[in-house]
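The primary structure of each chain is shown beneath.
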Amino acid sequence: MAGQLGLFPETAETPQGAGLVAKAGQTARARGPVPKSGSTTQSGLPAMTMEEVTSEANLRGAFEEVARNHGAPGPDGQTIEHVREHLDELVTKLSRSLNDGSYRPGRIRRAWIPKPGGGERGLGIPDVVDRLVQQAVHRVLSWQYESEFHPSSHGFRPGRSCHTAIAEAKGHIEAGYEWVVDLDLEKFFDRVNHQRLMARLEVRIADRRLLDLIRWMLKAKVVMPDGVVVNTEEGVPQGGPLSPLLSNIVLDELDRELARRGHRFVRYADDCNIYVRSEHAGQRVMASVVDFIARRLRLKVNAAKSAVARPRDRHFLGFTLRRESKDGPAEVLLSRRTEERFSRRIVELTPRTMGQTLKRCISRLNVYVRGWIGFFGVSCTERVRWQLQVLDAHLRRRLRAIVIKQWRRRRSIVRKLIKLGSRPKTAWRTVYEGHKAIWAISHAPTVEHALSKTYFVDRGLESLDAWYAKKHQIIAPAQLALKLG
């Protein structure tokens, strides 16, 4: 039973050491010191133990959290539903194997997903049972580590999000820190140094069984899409419940160093923005922080994606921030990259060759539009509305092209336009003059007037601008009451 659920995979092997061998030519200074273990009672919190992880309540609670995410099966093919059917037996055996040290995590399935900025990001998908164990460890570790993380760290933390990160960044700019040191860590999740991570965990965790369990998880082998199995010597694979917490534990050292130096910064996972008053100060900070990251954290800053610039010229979590006047408020707008992503997605949802009805197409668009504006509309300020109006116009033009395509012959297009109120002579000239393609016709003033904004609203199309206005009319009084209180 336990073997079927992936508790004791036949392929599990002993990890080959706890850390990486330094590259040839690296100096001891470049490698940097490893944190030393210390007392686990310095925070006044109870010690983190394997017994806490393996309690029945914790394991069952961990499974329910994993189940809520509806994740895909790992390499063993076991689904969440299958594990649920055998949960009572599993919890007993899992608790025993974790406590006596016989538990070994299975392999991790590698999946590639496209990155918004281009390229692909590798996800590691463990077996469901291994995700349960990771979540159980996360539940024990997180409530102790969470209280000690720096308040300017916003990624993967309860009560924080990219919206709280943007709000803090906006405050720094309004305080006069109008230059940003934009740092991007190159392949961060793939390059976390296991030795340094384990050394930091040893500072707080005294139970060797728990430390060994985390080490086994870090060393789990990866099954690539082509079936090749590779060893894991560094990195914290994205996809497991424990990796976000471990990444914050690694980067908390960077947060503390920036705070010690007196910098104003905002970090969300591996994206870190440091706000300074001048370009010269930014260049100096960039050089020193890059050196710290390489020397102490043994990580690399992506020089191509990092820069010292005005916030309005940078993309941060999908937004760009700008300040028009020295004493004015900072504006939060959509970044150019976000606008381009939206436009590409709209093109995917509005193909003219699928033969879908206009009603079906609008229904699919509305699902995406509501989710998109529900996310981006939270942080953006009033000036974003002109960007939303431009995106709305692009969306309607895509729909006009679909409608015209469905009208088929040019003679039919003319008759439909006249029926919708266009002048006959103007309609004939618009459709026939110059032998224009459908996309060109969809942008003609006559067509825009006939297939107007009202035409699509009457057929149920949601508007980004209208959603933004409605959302902020509802939220604004509550925010005002909080400020006044």
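This text goes with the structure placed above it.
Residues numbered from 1 in each chain as written. Predicted model: local features only at pLDDT ≥ 70, side-chain atom pairs only at ≥ 80, totals over all residues. Heavy atoms only, no water.

**Describing the overall build of the protein**
Thought 1: For the protein, the count of helices and strands is 21 helices and 10 strands.
Thought 2: For the protein, with 485 residues in total, the buried portion stands at 48%.
Thought 3: If you take every contact in the protein between residues at least 6 apart in sequence, the share linking residues at least 24 apart comes to 75%.
Thought 4: When the accessible area of the protein is evaluated, it comes to approximately 23900 Å², of which 52% is carbon and sulfur surface. (Helix = DSSP H or I, 4+ residues; strand = E, 2+ residues; numbered from the N terminus. Buried < 20%, exposed > 50% of the residue type's maximum accessible area, 1.4 Å probe, protein only. Contact = heavy atoms within 4.5 Å. Areas by Shrake-Rupley, 256 points an atom, 1.4 Å probe, with all protein chains shown as cover.)

**Focus: the side chain of His163**
Thought 1: Tracing the backbone shows His163 in helix α7 (residues 162–174).
Thought 2: Within polar-contact distance, the side chain of His163 engages the backbone oxygen of Phe375 at 3.4 Å.
Thought 3: Once residues lying within four places of it in the same chain are set aside, the contact partners of His163 are Phe319, Phe375, Val378 and Ser379. (Polar contact = N/O pair within 3.5 Å; in protein donor to acceptor, adjacent residues only side chain to side chain.)

**Some thoughts on the environment of Val180**
Thought 1: Of note, Val180 is situated in strand β3 (residues 179–184).
Thought 2: The exposure class of Val180 is buried, given its relative accessible area of 1%.
Thought 3: The spacing of Val180 and Ala281 is 101 residues in sequence and 9.8 Å in space, taken between C-alpha atoms.
Thought 4: Excluding residues within four positions of it along the chain, Val180 makes contact with Asn273, Ile274, Tyr275, Ala307, Val308, Ala309, Arg310, Pro311 and Arg314.

**A short note on the pairing of strand β10 (residues 330–334)**
Thought 1: Burial analysis of β10 places 5 of its 5 residues in the buried class, which makes it a mostly covered element.
Thought 2: The turn linking strand β9 (residues 319–323) back onto β10 is made up of 6 residues. (Pairing = 2+ DSSP bridges.)

**A word on the environment of Arg260**
Thought 1: Considering the arrangement of structural elements, one finds Arg260 in helix α11 (residues 243–260).
Thought 2: Engagement of the side chain of Arg260 in a polar contact is seen with the side chain of Glu257, the distance being 2.7 Å.

**Looking at the nonpolar core**
Thought 1: The biggest cluster of nonpolar side chains holds 65 residues, and the ones touching the most others in it are Leu141, Leu201 and Ile293.
Thought 2: Counting residues per element, this core draws most heavily on helix α6 (residues 128–145), at 9 residues.
Thought 3: Membership of the second largest hydrophobic core comes to 53 residues, among which are Val266, Phe316, Val384 and Ala444. (Core = buried A, V, L, I, M, F, W, Y, C linked by side-chain atoms within 4.5 Å.)

**Concerning the pairing of strand β1 (residues 108–114)**
Thought 1: Strand direction decides the pairing type here: β1 and strand β2 (residues 120–126), joined by 7 bridges, are antiparallel. Counted as the bridge partner of Arg109 is Ile125 from β2.

**Some details on helix α16 (residues 410–419)**
Thought 1: If you check which residues of α16 are buried, you get Ser412, Ile413, Val414 and Leu417.
Thought 2: Where the residues of α16 are buried, they touch α15 (385–407), α17 (424–432) and α19 (445–450).
Thought 3: Phi for Gly421, located one or two positions after α16, is positive at around 110°.

**A short note on the environment of Val250**
Thought 1: Looking at where Val250 falls in the secondary structure, it is placed in helix α11.
Thought 2: Residue Val250 is classed as buried on the basis of its relative accessible area of 9%.
Thought 3: Val250 has contacts with Phe188, Val192, Leu197 and Leu297, leaving out every residue within four places of it along the chain.

**Concerning a positive patch on the surface**
Thought 1: The grouping of Arg409, Arg411, Arg415, Lys416 and Lys419 at the surface amounts to a positive patch.
Thought 2: Among the secondary structure elements, Lys416 is positioned in helix α16. (Patch = residues over 30% accessible without salt bridge, like charges linked within 9 Å, V, L, I, M, F, W, Y side chains within 5 Å. Salt bridge = Lys/Arg side-chain N within 4 Å of Asp/Glu carboxyl O. Lys, Arg positive; Asp, Glu negative; His and termini not counted. Charge placed at Lys NZ, Arg CZ, Asp CG, Glu CD.)

**What to know about the packing of aromatic side chains**
Thought 1: Counted by the stated rule, this structure contains 11 aromatic pairs.
Thought 2: Relative to Phe149, the ring of Tyr145 has its centre 6.4 Å away and its plane inclined at 25°; by these criteria the two rings are stacked.
Thought 3: Among the aromatic residues, ring-to-ring pairing joins Phe319, Phe342, Tyr368, Trp372, Phe375 and Phe376 into one connected group.
Thought 4: Across the ring face of Trp467, the terminal group of Lys470 is positioned such that the distance to the ring centre comes to 5.8 Å. (Phe/Tyr/Trp six-rings, centres within 6.5 Å; stacked < 30°, edge-to-face > 60°. Lys NZ or Arg CZ within 6 Å of the ring centre and 35° of its normal.)

**Concerning the pattern of salt bridges**
Side-chain pairs of opposite charge can arise where the charged atoms are in close proximity.
Thought 1: Inspection of every chain in the model, using the stated rule, returns 32 salt bridges.
Thought 2: Between Glu51 and Arg209 there is a salt bridge, with its nearest N and O atoms 2.8 Å apart. Separated by 158 residues along the polypeptide, Glu51 in helix α2 (residues 50–54) and Arg209 in helix α10 (residues 208–218) bring together distant segments of the chain.
Thought 3: Judged by relative accessible area, which is 42%, Glu51 ranks as partly exposed.
Thought 4: Glu253 serves as the salt-bridge partner of Arg200, at 3.4 Å between the closest nitrogen and oxygen. In this pair, Arg200 is assigned in helix α9 (residues 194–204) and Glu253 in helix α11, connecting sequence segments 53 residues apart.
Thought 5: Relative accessible area serves as the criterion here: at 8%, Glu253 is assigned to the buried category.
Thought 6: Linked by salt bridges that have partners in common, Arg196, Arg200, Glu253 and Arg296 make up one network.

**Some words on α9**
Given 3.6 residues per helical turn, the α-helix brings residues three or four places apart onto the same face.
Thought 1: Counting buried positions along α9 gives 9 out of 11 residues, so the element sits mostly inside the fold.
Thought 2: Residues of α9 that are buried: His194, Arg196, Leu197, Met198, Ala199, Leu201, Glu202, Val203 and Arg204.
Thought 3: Residues of α9 that are buried make contact with α6, α10 and α11.
Thought 4: A side-chain oxygen of the first residue of α9 lies 3.0 Å from the backbone nitrogen of Gln195; this N-cap is Asn193.

**Considering the packing of helix α14 (residues 358–379) against α15**
Thought 1: Two elements in contact, α14 and α15, have axes whose closest approach is 11 Å; the angle formed by their N-to-C orientations is 165°. Considered as vectors, α14 and α15 are oriented roughly antiparallel to each other. Between α14 and α15 the crossing geometry is right-handed. Counted together, Leu358, Cys361, Ile362, Leu365, Val369, Trp372 and Ile373 of α14 and Leu388, Leu391, Leu395, Leu399, Ile402, Val403 and Gln406 of α15 form the full contact between these two elements.
Thought 2: A breakdown of the residues in the contact of α14 with α15 according to their chemical character gives 13 nonpolar, 1 polar and no charged. (Axes fitted to C-alpha atoms, helices over the stretch in contact; angles between N-to-C directions. Parallel < 35°, antiparallel > 145°, perpendicular 65-115°, else oblique. Left-handed = near helix turned anticlockwise from the far one by under 90°. Nonpolar A, V, L, I, M, F, W, Y, C, P; charged D, E, K, R; others polar.)

**Describing the sheet that holds strand β6 (residues 264–268)**
Thought 1: Taken together, the 4 strands give an open sheet; going across it, the order is β6-β7-β3-β8, and neighbouring strands pair in antiparallel fashion. The open sheet has two edge strands, β6 and β8 (307–309), and neither has a second partner. Taken pair by pair, the neighbouring strands of this sheet meet at an average axis angle of 20°, ignoring direction.
Thought 2: In this structure, β3 lies alongside strand β7 (residues 271–276), joined through 6 bridges in antiparallel fashion. Note on β7: the bridge partner recorded for Val180 is Tyr275.
Thought 3: Sitting on the sheet, α11 touches β6 and β7, and the angle it makes with β6 is about 170°.
Thought 4: In this fold helix α12 (residues 279–295) packs onto β3, β7 and β8, with an angle of close to 25° to the strand it touches most, β3.

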